[in-house]
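# Understanding the architecture of this molecule
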Amino acid sequence: MFDKLMEAQQKAGEMKKRLDNITVSGSAEGGLITVIANANKVVQSITINEDFYKEADKEELEELLAVAVNKAMEQAENVSQAEAAAMTRDMFGGMGGLGNLFGK
């Protein structure tokens with residue numbers, strides 16, 4: 001049992017490293033604001049269209065920025081869940097019926 005726990009901790013660390021290297025993005029209003037993040041939900045950069053920035057009011061800018069960040073975080077969550085599911089299948093898939101407890 002202890003071996004499985006150590007293996008799970010090691011695999012979780014490996015998964016975190018993989019997620020650090022996966023890039024996701026979210027944008028609002030056809031790319032007026034784009035947020036780039038990694039799959040560990042760390043924002044890497046934010047790009048705001050210069051023309052839009054010059055003309056937008058504070059409220060509009062804040063609203064679209066929130067939309068773009070939320071889209072990037074949603075993508076990051078989807079990737080993270082897929083990676084976790086794959087790790088779980090790898091670890092428990094060979095344990096007879098127990099592998100079915102966690103999905104496929």
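This report concerns the structure included in the present document. Keep in mind that this is a model prediction, so the values were computed, not measured. (Residues numbered from 1 in each chain as written. Predicted model: local features only at pLDDT ≥ 70, side-chain atom pairs only at ≥ 80, totals over all residues. Heavy atoms only, no water.)

With that settled, the discussion passes to the overall build of the chain. Helix and strand counts for the chain come out as three helices and three strands. Moving toward the C terminus, one meets the helices and strands of the chain in the order α-β-β-β-α-α. Counting all 104 residues of the chain, 22% fall into the buried class. For the chain, the share of sequence-separated contacts (at least 6 apart) that also reach a separation of at least 24 residues comes to 47%. If you sum the accessible surface of the chain, you get close to 7200 Å²; carbon and sulfur atoms cover 53% of it. (Helix = DSSP H or I, 4+ residues; strand = E, 2+ residues; numbered from the N terminus. Buried < 20%, exposed > 50% of the residue type's maximum accessible area, 1.4 Å probe, protein only. Contact = heavy atoms within 4.5 Å. Areas by Shrake-Rupley, 256 points an atom, 1.4 Å probe, with all protein chains shown as cover.)

Excluding glycine, residues mostly carry a negative phi; peptide bonds, for their part, are mostly trans. Unusually for a residue other than glycine, E29 sits at a positive phi of about 50°. Mapped onto the elements of the fold, E29 is located in the loop between strand 1 (23-28) and strand 2 (33-38). At K41, a position not held by glycine, the phi torsion is positive, near 65°. Within the element layout of this structure, K41 appears in the loop between strand 2 and strand 3 (43-48).

What follows concerns a nonpolar patch on the surface. Taken together, the side chains of F2, L5 and M6 present a nonpolar region at the surface, about 330 Å² in accessible area. For M6, the position within the fold is in helix 1 (residues 2-20). (Patch = residues over 30% accessible without salt bridge, like charges linked within 9 Å, V, L, I, M, F, W, Y side chains within 5 Å. Salt bridge = Lys/Arg side-chain N within 4 Å of Asp/Glu carboxyl O.)

A few words on the pattern of salt bridges. Tallying each qualifying case throughout the model produces five salt bridges. The salt bridge partner of K41 is E77, with a shortest N-O separation of 2.3 Å. Of this pair, K41 sits in the loop between strand 2 and strand 3 while E77 sits in helix 3 (residues 58-92), placing them 36 residues apart in sequence. The class for K41 is partly exposed, based on a relative accessible area of 40%. Across the salt bridge formed by K58 and E62, the nearest N and O atoms sit 2.5 Å from each other. In this pair, K58 and E62 are both assigned in helix 3, four residues apart and thus about one turn of the helix distant.

Geometric values such as these leave the question of function open.
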